[in-house]
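Report on the structure
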Amino acid sequence: MDRRKFMAGCLGLPLLAQAGEVQAQAALSKIIFPFAAGAGGDTLCRLIAQEMAPVLQRTIVVENRTGGDGLIGIKSVRGASPDGSTVLVTTGPTMYLLPMVETTPSFDTAKDFMPVSLLARFEFALVVGPAMDVADFKGFVAWLKAHPDKASFGVPSNGTIPHFAGSKLEKDLGIPLTRVPYRGSAPILNDLIGGHISFGIVTLADALPQHRAKGVKIIGVSSAERSPFAPDVPTLKEDGIDLVADAWYGMWLPAGSPPEFANKLGAAASAALAKPEVKEKLTAIGLIPVGSSAEGLSKELAANTAFWQPIVKATGYRIEN
């Protein structure tokens with residue numbers, strides 16, 4: 001064999017190996033979900049991953065990369081290779097609230113990510129315990145005015161939609177309220193039942209079991225229309241509070257990803273969410289399947305950003321980083 005040809009062939013081996021490595025990587029996709037396993041968003045990820053895998057002809061795994069109120073997982077996708085191998089599924093609020101409250105934003109949603117699809121919506125509920133013996137929102141307001149020293153409310157965490165929804169409620173009612181941050185909805189519901197706080201703002205799905213068991217009472221939902229999960233409960237807007245504060249899960253790729261793959265991924269996600277068996281499983285845990293184009297996700301993000309920006313700014317809440 002000619003020595004020069006042999007050497008050229010040897011030099012080409014690493015390139016072939018790299019190409020094979022890229023192909024192997026492209027055949028595996030990771031959905032990064034920046035919150036713990038077991039909750040509604042995690043279930044959503046695993047359901048659509050299972051449905052999308054055969055359509056996209058690749059293995060899809062779900063990786064829970066938690067920490068920093070979603071920031072660790074988000075940043076890991078921001079810095080990932082834009083080859084279609086890494087996908088982000090997270091809540092809308094993490095993508096528009098975190099940049100608002102960080103002193104130095106860790107990411108720019110528009111510049112660092114490519115929108116794919118809106119996936120599913122979920123709702124929040126205004127919940128009272130047995131210590132607040134009221135029948136409706138009007139009675140709730142009257143109770144707060146009569147007991148200003150007891151006007152405390154629980155939220156699952158600072159810097160969240162319930163946090164800022166409570167601030168909006170305080171402003172609209174003109175009643176000073178004391179916010180008490182918790183780690184999740186469960187301890188809030190426990191303290192409501194025990195009479196330690198007056199009310200809470202939690203996800204509707206978390207509150208429904210105790211509401212149905214008469215442990216707590218849902219007196220308002222924050223969605224634009226009455227929830228299909230609690231059609232007897234009025235919206236806050238019906239009761240005169242100009243607040244629509246539902247939330248949602250969306251899907252993004254790192255900026256610079258191939259638009260063709262983003263379109264294919266979005267179509268696969270929307271098709272999965274349209275399947276009756278997927279819809280049934282998601283509605284059972286309080287999620288409303290949606291599915292959208294990339295443009296639909298971008299419009300949703302822009303509308304939410306515009307709505308919450310002045311509310312968040314008025315609170316003065318910041319995260320030092």
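Use the structure listed above.
Only a predicted model underlies this, so the values are computations on that prediction, with no experimental measurement involved.

Calculation rules
Residues numbered from 1 in each chain as written. Predicted model: local features only at pLDDT ≥ 70, side-chain atom pairs only at ≥ 80, totals over all residues. Heavy atoms only, no water. Helix = DSSP H or I, 4+ residues; strand = E, 2+ residues; numbered from the N terminus. Buried < 20%, exposed > 50% of the residue type's maximum accessible area, 1.4 Å probe, protein only. Contact = heavy atoms within 4.5 Å. Expected span 1.5 Å × (residues − 1). Bend = angle between axes of the 7 residues up to and from the residue. Polar contact = N/O pair within 3.5 Å; in protein donor to acceptor, adjacent residues only side chain to side chain.

Brief notes about the side chain of S222
Position of S222 among the secondary structure elements: in the loop between strand 9 (217-221) and strand 10 (247-254). Take S222: its relative accessible area is 5%, and that puts it in the buried class. Setting aside residues up to four positions removed in sequence, S222 forms contacts with F124, L236, L243, V244, A245 and D246.

Some words on helix 12 (residues 294-315)
For helix 12, with 22 residues, the first-to-last C-alpha span of 31 Å sits near the 32 Å given by 1.5 Å per residue. Its axis deflected by about 35° at W308, helix 12 carries its strongest bend there, up to four residues before the proline P310. Considered for burial, the residues of helix 12 that qualify are L297, E300, L301, N304, W308, I311 and V312. Each element contacted by the buried residues of helix 12 is listed here: helix 4 (92-101), helix 5 (109-112), strand 4 (113-122), helix 7 (161-173) and strand 10.

Some remarks on the environment of V87
Counting through the fold element by element, V87 comes out in strand 3 (residues 86-91). Given the relative accessible area of 3%, V87 is considered buried. Excluding anything up to four places from it in sequence, V87 contacts K30, I31, I32, V77, M251, W252, L253 and L265.

Here we look at the side chain of T90
Of note, T90 is situated in strand 3. Engagement of the side chain of T90 in a polar contact is seen with the side chain of T94, the distance being 2.8 Å. Leaving out residues up to four positions away in the same chain, T90 has contacts with P34, F35, M95, W248, Y249, G250 and W252.

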